[in-house]
Amino acid sequence: MLAGIRHGAKLYTVDPRRTSSAQWADGWLGLDVGTDVALANAVGREIITTGLHNRAFIDRATTGFADYAATVEPYTLEWAERITQVPAGMIRELAHRYATADRAQLCWTLGITEHHNAADCVFALINLALLTGHVGRYGSGVCPLRGQNNVQGGGDMGAIPAKLPGGYDLEDDTERARFETAWGARIPPKPGRHLSQMFEAMETGQMRTLYCIGENPAESEADAAHARAMLSGLDHLVVQDIFRTATAELADVVLPAAADWCEYDGTVTSSERRVQRLRKALDPPGQARPDTHIICDLATRLGHAWGRPSAEQVWDELRSVSLKWHAGMSYQRLDELGGLQWPCPAEDHPGSTLLHERLWDTDPVRRGTPAPFTPVEHVPPVDELTEQFPIRLTTGRVLDSYNSGVQTGGYASPLRRREALCIDARDGARLGIADGERVLITSRRGSVEAPVRYDPTVRPGLAFITPHFTEQVDTNLLTNDAWDPKSGTAEFKATAIRIDKVRAEQASRAGRLAVAGE
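Please read all numbers here as calculations on a predicted model, not as lab measurements.

Peer 1: Honestly, the overall build of the protein in this entry has me stumped. Any pointers?
Peer 2: Within the protein one finds 22 helices and 20 strands. Taking 2.2 N^0.38 as the reference for a compact globule, 518 residues should give roughly 24 Å; the C-alpha atoms of the protein span a radius of gyration of 25 Å, in line with that estimate. For the protein, buried positions account for 46% of its 518 residues. For the protein, contacts bridging at least 24 residues in sequence account for 65% of all contacts bridging at least 6. By element, 54% of the accessible surface of the protein is carried by carbon and sulfur atoms, the whole surface being about 25,600 Å². Mean positive and mean negative side-chain charge positions of the protein (55 and 68 charges, respectively) differ by 2 Å.

This is the structure in structure tokens:
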């Protein structure tokens, strides 16, 4: 993005905080947390009412435009300014710049998807791309930016309850039968549970055992106290991971895994659908073994002779069932070409740089199924602001750290500072709290202590903290586990809190503990 700016691109950043990205931007839309749909619908309405929508593309390649236009009609600039706190003029400027640009991309991260209406937030952005024709063309599109390098690949391999490897719908009887034939086993036609549903099933007693691979829900789940209670109450918990995480500490069995990105061979898939090879550089330490070796040995113990297939053999098995996406991606081609983008259905196929290019084809047969508009409405966060909980807490990552710090917390960084609750100096003055003072942060789920840091990137009424350093501040004791029914994602981004001064004796004890910890 910065390279694009240096070459003349315009950047508009939509974020409650004035982040480093916003400081590079031509425009910052500092919206209230949880008003993304309201903002996107207002942008859509402005584009339509000023006649800037791509009518030819809409008529040829989409469905549902009339319903979408009717849905966004009430979302005037003035109404959106009241709801989002973004000036109407800035919303208008963004709408006109986006609609009239020759090429434009909508990129988003967890600030869009960690809400109780996460899928609706994404649909609202997709609607804007369809409205303007900014999709399926080089330099235009919608792009979810991942926090780690193989999030896309995990989903592509079938780690989604309603999907089979290669993106096939589990409930498609024809495709499911093909997988059953290949695997020699019956596949239940009903989708499994996503993570939020698993914790609900633990609470009702429907789920009594868990096999957890490469995940640390004891620290990364919203309402962490509830998550830890559920994990502790299981009859049997198995954790397979590269570090002894907080979740592993609760486990009955821990299976040490290799760091497959450098201690075994394999592939990863980026957000642009590019599959690339990984090659072993180091031997795994101690008893750690590659994930596939552990899983295949477990299958053997359970009476199924899977043997010890190589990484390439596992990949070729995937290619044999993922006929549309991966069939043409042999290890040899991935090595020679430095990666391929799916769909790549045959070994003479070059891969697909653009996923939705067909929408521009003038031949209706080649163009295929139209892309649907999905009208969505603004719904505020579940955790309401009240007199008792008047401040909105939003959580997020910083540049040098991953989610719960499992992979990054053990390393020093010149960018790193001790965990703190970032607030606006005006809120600090109003509450009588000094910069650096330790405070008690309370939500409807729990309380934690943390030092305050005056931060010019946040606005009055907003607070920010990361989940990276549980040993310093156990942030997810505060966050809300209300989840989106379409995606299963919890609402990490919108917690209602209050901030109280810590009594002198508490602050003194906390200071002694912090010094001892250092």
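What follows continues from the structure just given.
Peer 1: Help me out: how do you make sense of the nonpolar core in this one?
Peer 2: Generally speaking, a soluble globular protein has its nonpolar side chains buried in company with each other. With 46 residues, the main nonpolar core has I91, L128 and L131 as its most contacted residues. Those elements that place two or more of their residues in this core are α3 (36-49), α4 (55-61), α5 (65-72), α6 (77-84), α7 (88-100), β4 (105-108) and α9 (118-132). Beyond its immediate stretch of four places on either side in the chain, I91 contacts L29, L39, A42, V43, L77, A80, E81, T84 and V86. Counting 18 residues, the second largest nonpolar core, distinct from the first, contains L393, V439, V448 and L478.

Peer 1: Would you mind showing me how to read the domain arrangement of the protein here?
Peer 2: Size of an interface, as often reported, equals the accessible area lost when the parts are brought together. Split into domains, the protein comes out as domain 1 (2-138 + 366-372), domain 2 (151-341) and domain 3 (391-516). A straight line from the C-alpha centre of domain 1 to that of domain 3 covers 30 Å. Domain 1 puts 20 residues into the contact, and the matching count from domain 3 is 19 residues. Around 1,500 Å² of area is buried between domain 1 and domain 3 when both sides are counted, 56% of it from carbon and sulfur atoms. Ranking the residues of domain 1 by area buried against domain 3 places R17, E114 and H116 at the top, with a combined share of 40%. For R459, the salt bridge is made with D32, and the minimal N-O distance between the two is 3.4 Å. Applying the counting criterion to the domain 1 and domain 3 interface returns 10 residue pairs in polar contact (both at pLDDT 80 or more). Elements with a minimum of two residues in the side of domain 1 that touches domain 3: α8 (110-113) and α9. For the side of domain 1 that touches domain 3, the element with the most residues is α9, which contributes four residues. The class makeup of the residues in the side of domain 1 that touches domain 3 is eight nonpolar, seven polar and five charged.

Peer 1: Honestly, a nonpolar patch on the surface in this entry has me stumped. Any pointers?
Peer 2: A cluster of nonpolar side chains, Y211, I213, I295, L298, L302 and W306, forms an exposed patch at the surface whose accessible area comes to about 570 Å². Among the secondary structure elements, those contributing two or more residues to the nonpolar patch are β6 (209-213) and α17 (291-301). Of note, W306 is situated in the loop between α17 and α18 (311-321).

Peer 1: How do you make sense of the sheet that holds β6 when you look at a structure like this?
Peer 2: Ordered in space as β6-β7-β8, the three strands form an open sheet in which the pairing is parallel. Strand pairing shows two members of the sheet lacking a second neighbour, β6 and β8 (253-256), which therefore form its edges. In this sheet, adjacent strand axes meet at a mean angle of 10 degrees when their direction is disregarded. For strand β7 (residues 236-241) and β8, the ladder comprises four bridges, and the chain directions are parallel. Bridge pairing links V239 to V254 in β8. In this fold α17 packs onto β6, β7 and β8, with an angle of close to 150 degrees to the strand it touches most, β6.

Peer 1: When you look at the pairing of strand β17 (residues 462-465) in this model, what are you seeing that I'm missing?
Peer 2: Alternating positions in β17 separate into two faces, L462 and F464 on one and A463 and I465 on the other, with burial throughout. Sheet topology note: the strand β13 (residues 391-395)/β17 ladder contains four bridges and is parallel. Bridging from a neighbouring strand, T395 pairs with I465 of β17. In this sheet, β17 lies alongside strand β14 (residues 421-423) in antiparallel orientation, the contact comprising two bridges. Looking at the pairing, C422 lines up with F464 of β17.

Peer 1: Would you mind showing me how to read the environment of T71 here?
Peer 2: For T71, the position within the fold is in helix α5. Residue T71 is classed as buried on the basis of its relative accessible area, which comes to 15%. Note: C-alpha distance between T71 and L39 (32 residues apart in sequence) is 13 Å. Not counting the four nearest positions on each side in its chain, T71 is found in contact with P375, V376 and E377. Within the structure, the side chain of T71 is placed 2.9 Å from the backbone oxygen of D67, a separation counted as a polar contact.

Peer 1: When you look at unusual backbone geometry in this model, what are you seeing that I'm missing?
Peer 2: With glycine set apart, most residues show a phi of negative sign, and most peptide bonds adopt trans. For the bond from W342 to P343, the omega torsion is 0 degrees, close enough to zero to count as cis. Mapped onto the elements, P343 comes out in the loop between β11 (340-341) and α20 (364-367). Positive phi, close to 70 degrees, is recorded for Q85, a residue that is not glycine. Here Q85 lies in the loop between α6 and α7. Here D223, not a glycine, exhibits a phi torsion of approximately 50 degrees, which is positive.

Scoring rules and cut-offs
- Residues numbered from 1 in each chain as written.
- Predicted model: local features only at pLDDT ≥ 70, side-chain atom pairs only at ≥ 80, totals over all residues.
- Heavy atoms only, no water.
- Helix = DSSP H or I, 4+ residues; strand = E, 2+ residues; numbered from the N terminus.
- Rg over C-alpha atoms; globule rule 2.2 N^0.38 Å.
- Buried < 20%, exposed > 50% of the residue type's maximum accessible area, 1.4 Å probe, protein only.
- Contact = heavy atoms within 4.5 Å.
- Areas by Shrake-Rupley, 256 points an atom, 1.4 Å probe, with all protein chains shown as cover.
- Lys, Arg positive; Asp, Glu negative; His and termini not counted.
- Charge placed at Lys NZ, Arg CZ, Asp CG, Glu CD.
- Core = buried A, V, L, I, M, F, W, Y, C linked by side-chain atoms within 4.5 Å.
- Domains from an automatic or database assignment.
- Buried area = accessible area lost by both parts, 1.4 Å probe.
- Salt bridge = Lys/Arg side-chain N within 4 Å of Asp/Glu carboxyl O.
- Polar contact = N/O pair within 3.5 Å; in protein donor to acceptor, adjacent residues only side chain to side chain.
- Nonpolar A, V, L, I, M, F, W, Y, C, P; charged D, E, K, R; others polar.
- Patch = residues over 30% accessible without salt bridge, like charges linked within 9 Å, V, L, I, M, F, W, Y side chains within 5 Å.
- Pairing = 2+ DSSP bridges.
- Axes fitted to C-alpha atoms, helices over the stretch in contact; angles between N-to-C directions.

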